[in-house]
Amino acid sequence: MEAEKINEILSMIDETLVLEFLETIVGFGPRMTGTYGCEKAAQYIHQEFKDLGLIARYQNWTAWGTRYYHHFYTSQNVEGTLTGTNIMDNSAIIFNAHYDSVARGPGANDDGSGTIAVLAAAYALSHFDFKRTVKFVTFSGEEIGLAGSRAYTKESYERNDSILVEINADMIGHDEGSRTMTVTATEDAGWVADIFQTINNNYTIGLTVNRGTINRVRHGMSGSDHAPFLAYGWESICCWEGDQDPNFHSARDNLSNVNLSYLVNTTRIIAATLAYLADLSETPPQVRITSPRVGFLYNAGMRKRAIDEFKTTVINDIWIWAEVDYATVPIERAEFYYDGKLVFTDTEAPFKWQFNKFSLRKHQITVLVYDQLGRNSSDWREIRFINIFKKIK
Ligand SMILES: [Zn+2]
């Protein structure tokens, strides 16, 4: 049944479908954030999501551009949600790409290719029901400093969303004959990259999947739209083409720069992986340090005010909370580490440890959870702790 579903999804994604989406998106180009071309692309994506029966939503945002272009921007992300049938499972899968481009070119590959993969996967998956919710998201503002994805993750974080994994596709349409695709994963998302490889082999997609790792640098907003997801503790997969695109950020990033049959295959492998993940009943545990929150100053355990977007400062004592997103197998224990040293083991949720040490600087807090099958997951944060008062007890 599962194989049948995936085969049907694969057969729905062909050159005709991919070309239709890509020609439309390229036709709006250049889609520089804030321009009317960018806005038209957003309207088109929103309408497509609506026509497919997804819950379509704009997320409007304003931001100061920090990369290449220093202006104030107003734009929108577009989200289409395919709601899962298992209402107990609140962990969603996110598949995203950026629909904005630089000013110089129509952005057929960067990132028209990822955008049409989102549209094509949404089209194919919308014909079926899945246990888990899948959110198809296209961001603007990537080229000006990941502005759209920063706004999106900030909102998800404030809602305390559970995200099984975020899959980003940025430039997946250029091939010079190697037929390779690079799939990079964060530390706890290697099992998702395994699925990409299994799908590629079992369904003879015909690509070579190269594996890589994503380093979780908490304040480094570099690279693509997956970066802000890392800052908030979520797991990520990035899909890239194997061959370097020499037309990147130039006027030559047009339709003739895209290898259609290759783009069909990269899109297929992502769509099939999404379908497989969305029906997977047993997943490894996922833990996130949920308090203190990223981007805030705390005093005496209370959240006071927003500080730097991705930093945390704590004055005096505080309880460190770690929460496990929807666990398909019960959690056996949570271990708390302070600068790499085990300081506390908690065997019952809610998992928390009280920080009450003397400190004048940044420390690393790590949480490691194990489920009853022995599978583990970790999360870590650098937090500035200011705690100079000796306790009189
Ligand atoms: Zn890009």
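Rules and cut-offs
- Residues numbered from 1 in each chain as written.
- Predicted model: local features only at pLDDT ≥ 70, side-chain atom pairs only at ≥ 80, totals over all residues.
- Helix = DSSP H or I, 4+ residues; strand = E, 2+ residues; numbered from the N terminus.
- Rg over C-alpha atoms; globule rule 2.2 N^0.38 Å.
- Buried ≥ 20, exposed ≤ 12 C-beta atoms within 10 Å, placed from the backbone.
- Contact = placed C-beta atoms within 7 Å.
- Core = buried A, V, L, I, M, F, W, Y, C linked by C-beta atoms within 7 Å.

A few points about the overall build of the protein
Here is step 1: Across its full length, the protein carries eight helices and 18 strands.
Here is step 2: For 393 residues, the compact-globule estimate of 2.2 N^0.38 gives 21 Å, and the protein sits close to it at 21 Å.
Here is step 3: Taken along its principal axes, the extent of the C-alpha atoms in the protein is 75 × 50 × 35 Å.
Here is step 4: Residues counted as buried form 48% of the 393 residues belonging to the protein.
Here is step 5: Of all intrachain contacts in the protein linking residues separated by at least 6 positions in sequence, the fraction that spans at least 24 positions is 78%.

Describing the nonpolar core
Here is step 1: The biggest cluster of nonpolar side chains holds 92 residues, and the ones touching the most others in it are A120, A121, A271 and L274.
Here is step 2: I289, Y298, V314 and V367 belong to the second-largest nonpolar core, a separate cluster that totals 19 residues.

Regarding unusual backbone geometry
Here is step 1: Going from G29 to P30, the amide bond is cis rather than trans, its omega being -5 degrees.
Here is step 2: Mapped onto the fold, P30 is located in the loop between α2 (15-27) and α3 (36-51).
Here is step 3: A cis amide bond links S291 to the next residue, P292, at an omega of 5 degrees.
Here is step 4: By the secondary structure assignment, P292 is in the loop between β9 (286-291) and β10 (296-299).
Here is step 5: Positioned with a positive phi, M171 is a non-glycine residue whose angle comes to about 75 degrees.

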